[in-house]
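# A structural walkthrough
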Amino acid sequence: MISNFSKLFRRLYKQFFIMLLNKKKLYLSILNYHILHNDQLSGIAKDEIIYANKLQDFQRQIKYISDNQYQVISLEEYVKGKLPFAPTLSKPVIITFDDGHASQYVIGMPALQEYGYSATFFVTVGKIGTENYISWQQLRQMRDDGMAIMSHTMTHAFLSDIPVAQVRWELQESKKILEQELGKPVDFLSLPGGRCSRIVKEIAKEVGYKGICTSIIGYNYPDTDPYSLRRWTITKNMSFSTFQAIVEGKKSTLAYYKSRQIILNGMKRIMGNELYANIHKEITSGLKS
Ligand SMILES: [Zn+2]
């Protein structure tokens with residue numbers, strides 16, 4: 001009886017210790033970028049300027065990751081290796097890009113390759129090859145250079161706002177086309193506008209995705225649901241010290257951005273997606289480059 005009790009105590013103590021370690025040390029930051037530019041903002045929609053980062057800033061951020069021995073890994077590596085412990089995952093970072101803007105190929109790829117880093121590119125399949133977007137030929141080259149190409153749906157529709165049948169089509173069709181064209185598994189999805197619902201997760205699982213990158217701010221731990229991965233969107237106004245605090249896992253930065261996100265999500269719920277998007281567009285279009 002006593003020995004059973006002490007076994008149980010040891011097990012609980014170990015669990016508690018593991019939990020602490022997971023929460024404190026083994027966090028994964030997933031960074032999210034959209035557009036890069038060389039001081040030329042022509043061709044970038046006004047409401048997207050907030051998501052357009054200068055190449056110099058991007059280079060400084062990547063250099064910081066490299067200089068401070070962060071390990072740039074892939075989503076596949078994270079999802080495969082995360083349980084229970086993976087000593088190889090010390091200071092892991094994942095770099096992602098959303099939307100498939102042409103600047104990701106023209107400007108982002110060479111910057112990443114300078115450090116031998118690969119990234120995950122979530123592309124909106126319906127926009128591939130259209131003006132200002134990456135072409136199929138470029139995507140093939142990116143694949144050959146070790147970049148992961150994943151789905152950002154077919155049309156960039158907000159998935160929480162459309163009928164279930166359309167959600168299924170957005171998820172299934174984009175996965176199928178990318179797999180056919182690029183000959184690689186498409187196991188991850190990122191959510192247009194970060195909009196999600198329980199149904200979206202269920203359908204993603206059903207059609208064969210292994211995980212979803214959301215726009216929920218925060219870190220990922222060994223026990224994070226792979227269908228609700230947290231990310232940090234790196235915007236043009238973000239200072240370098242904020243970037244440092246993000247990859248270093250500073251709790252105060254997380255608390256600040258989390259509270260900000262709660263307010264914005266509240267606004268989205270009260271106004272509805274469409275009105276919120278219009279107001280957001282108005283606000284961000286007023287920003288100076
Ligand atoms: Zn998007």
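Residues numbered from 1 in each chain as written. Predicted model: local features only at pLDDT ≥ 70, side-chain atom pairs only at ≥ 80, totals over all residues.

### Here we look at the environment of I65
Basically, it comes down to this: Put simply, DSSP H or I for four residues or longer makes a helix, DSSP E for two residues or longer makes a strand, and each gets a number counted from the N terminus. Exposed residues have 12 or fewer other C-beta atoms within 10 Å of their own C-beta, buried residues have 20 or more, and residues in between are partly exposed; the C-beta atoms are placed from the backbone.
By secondary structure assignment, the location of I65 is in helix α2 (residues 55-67). Accessibility expressed as a C-beta count within 10 Å gives 20 for I65, which makes it buried. Note: C-alpha distance between I65 and K91 (26 residues apart in sequence) is 9.6 Å.

### Thoughts on unusual backbone geometry
If you check the backbone angles, Q69 has positive phi at about 55 degrees while not being a glycine. Structurally, the position occupied by Q69 is in the loop between α2 and β4 (71-72). Phi angles above zero are rare outside glycine, and T153 is one such case at about 75 degrees. Note on placement: T153 falls in the loop between β7 (148-151) and α6 (164-182). Here T153 falls in the buried class, since 26 other C-beta atoms lie within 10 Å of it.

### Focus: the nonpolar core
Rule in force here: The term nonpolar core refers to a set of buried Ala, Val, Leu, Ile, Met, Phe, Trp, Tyr and Cys residues connected through C-beta atoms within 7 Å.
Counting 55 residues, the largest nonpolar core has F121, I149 and M150 as its most contacted members. For this core, the leading source of residues is helix α4 (residues 102-114), giving 4 residues.

### Notes on the pairing of strand β1 (residues 29-33)
Inclusion rule: Only strands joined by at least two bridges in the DSSP assignment are considered to pair.
Of all 5 residues that make up β1, 5 are buried, and the element is covered over most of its length. Neither face of β1 is left uncovered, since the one carrying S29, L31 and Y33 and the one carrying I30 and N32 both have all their residues buried. For β1 and strand β5 (residues 92-99), the ladder comprises 5 bridges, and the chain directions are parallel. Of the residues in β5, the one forming a bridge with N32 is T96. Sheet analysis places β1 next to strand β10 (residues 232-233), joined by 2 bridges and oriented parallel.

### Describing helix α7 (residues 198-206)
Put simply, the rule reads: In this context, the arc is that of the directions from the helix axis out to the C-beta atoms. Our contact criterion uses C-beta atoms placed from the backbone: two residues qualify when those atoms are within 7 Å.
The complete set of buried residues in α7 reads V200, I203 and A204. The buried residues of α7 all sit within an arc of 105 degrees when viewed along its axis, so they share a single face. Turned more than 90 degrees away from the buried face of α7 sit R198 and E206, all of them exposed. As for α7, its buried residues are in contact with α6, β8 (188-190) and β9 (211-213). Two residues or fewer past α7, G208 is found with a positive phi of approximately 105 degrees.

### Digging into the packing of α2 against α4
Going by this rule: All axes here are fitted lines through C-alpha atoms, helices being fitted over the stretch that makes contact, and every angle between N-to-C directions spans 0 to 180 degrees. Orientation labels follow simple angle bins: below 35 degrees gives roughly parallel, above 145 gives roughly antiparallel, 65 to 115 gives roughly perpendicular, and whatever is left gives oblique. Left-handed is the label given to a crossing in which the near helix is rotated counterclockwise from the far helix by less than a right angle, and right-handed is the label when the rotation is clockwise. Gly is put with the polar residues, along with every residue not named as nonpolar or charged; the nonpolar set is Ala, Val, Leu, Ile, Met, Phe, Trp, Tyr, Cys and Pro, and the charged set is Asp, Glu, Lys and Arg.
Between α2 and α4, the least distance of the axes is 10 Å, while the angle of their chain directions is 25 degrees. Judged on the interaxial angle alone, α4 and α2 are roughly parallel. Seen from above, α2 lies across α4 with right-handed handedness. Residues L55, F58, Q59 and I62 of α2 form the contact with α4, whose participating residues are I107, A111 and L112. Class assignment for the residues of the contact of α2 with α4 results in 6 nonpolar, 1 polar and no charged.

### Some words on the packing of α6 against α7
For any two helices packed against each other, one specifies the inter-axial angle together with the distance between the axes. For the pair α6 and α7, the least separation of the axes is 10 Å and the interaxial angle reads 45 degrees. As far as their axial angle goes, α7 and α6 are oblique. Of the two possible hands of crossing, α6 and α7 adopt the one that is right-handed. Counting all contacts with α6, which are made through V164, V167, R168 and L171, the residues of α7 involved are I199, V200, I203 and A204. Counted by class, the contact of α6 with α7 contains 7 nonpolar, no polar and 1 charged residues.

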